[in-house]
Amino acid sequence: MGSQKRIAKELSELMETPPNGITVELVEESNLYEWRVYMDGPEGSPYYKGRFLVRLSLPTEYPFKPPALSFGTKIYHPNVTNDEKGSMCLGMLKSDEWKPSSRIAAVLEFARQLLAEPMPDDAVEGGASPSNIRMIRNAMMKSHGSGRGSLFGIAGLKA
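I will try to describe carefully the structure that is included in this document. (Residues numbered from 1 in each chain as written. Predicted model: local features only at pLDDT ≥ 70, side-chain atom pairs only at ≥ 80, totals over all residues. Heavy atoms only, no water.)

1. Section: helix H2 (residues 104–116)
Phase 1 of the analysis: The terminal C-alpha atoms of H2, which comprises 13 residues, lie 19 Å apart, in line with the 18 Å expected from a rise of 1.5 Å per residue.
Phase 2 of the analysis: Three or more residues of H2 are buried, namely Ile104, Val107, Leu108, Ala111, Arg112, Leu114 and Leu115. Projected down its long axis, H2 shows its buried positions confined to an angular sector of 145°, all on one face.
Phase 3 of the analysis: Buried residues along H2 sit against helix H1 (2–16), strand E1 (22–26), strand E2 (34–40), strand E3 (51–57) and strand E4 (68–71). (Helix = DSSP H or I, 4+ residues; strand = E, 2+ residues; numbered from the N terminus. Expected span 1.5 Å × (residues − 1). Buried < 20%, exposed > 50% of the residue type's maximum accessible area, 1.4 Å probe, protein only. Arc of directions from axis to C-beta. Contact = heavy atoms within 4.5 Å.)

Written out as structure tokens, the structure reads:
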């Protein structure tokens, strides 16, 4: 019951004063453990003007066990698996690095910052280097005029 109280408090705080470029909602009103998170691509990054759906799953043991994050929007990024799962590699979410004092807002801000500053040392997709991402984005902008698409988020995705 303590985890539900903490999750409800964090959710309320995130909905009242969301971090820049992030909005959250529950997948189902009756389930505090599954969230939909919408992240805007940070300005100055190859993902700028993209909007990304991120799934957040909280274990019933939260805050003693870390949440899990995965991209619901296909993204080409060195720290995100290029498969249907879209799993993120975030050091702070590893069991041995997680601290119960960590807050969901900080996790989401860190994940969004990862879009601007990938961590090549923790790469799960070696070919998705920052330079390759910029090269593909530039090619998409030249050929399509927007640079938006499934690899970079969905423009106009509604929160």
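2. Description of the pattern of salt bridges
Phase 1 of the analysis: Counted by the stated rule, this structure contains six salt bridges.
Phase 2 of the analysis: Glutamate 10 is the salt-bridge partner of arginine 6, the closest N and O atoms lying 2.6 Å from each other. With arginine 6 and glutamate 10 both in helix H1 and four residues apart, this pair spans about one turn of that helix.
Phase 3 of the analysis: A salt bridge links arginine 103 to glutamate 13; the shortest N-O distance between them is 2.5 Å. Of the two residues, arginine 103 is situated in the loop between E4 and H2 and glutamate 13 in helix H1; the sequence distance between them amounts to 90 residues.
Phase 4 of the analysis: Overall, the relative accessible area of 33% leaves glutamate 13 in the partly exposed class. (Salt bridge = Lys/Arg side-chain N within 4 Å of Asp/Glu carboxyl O.)

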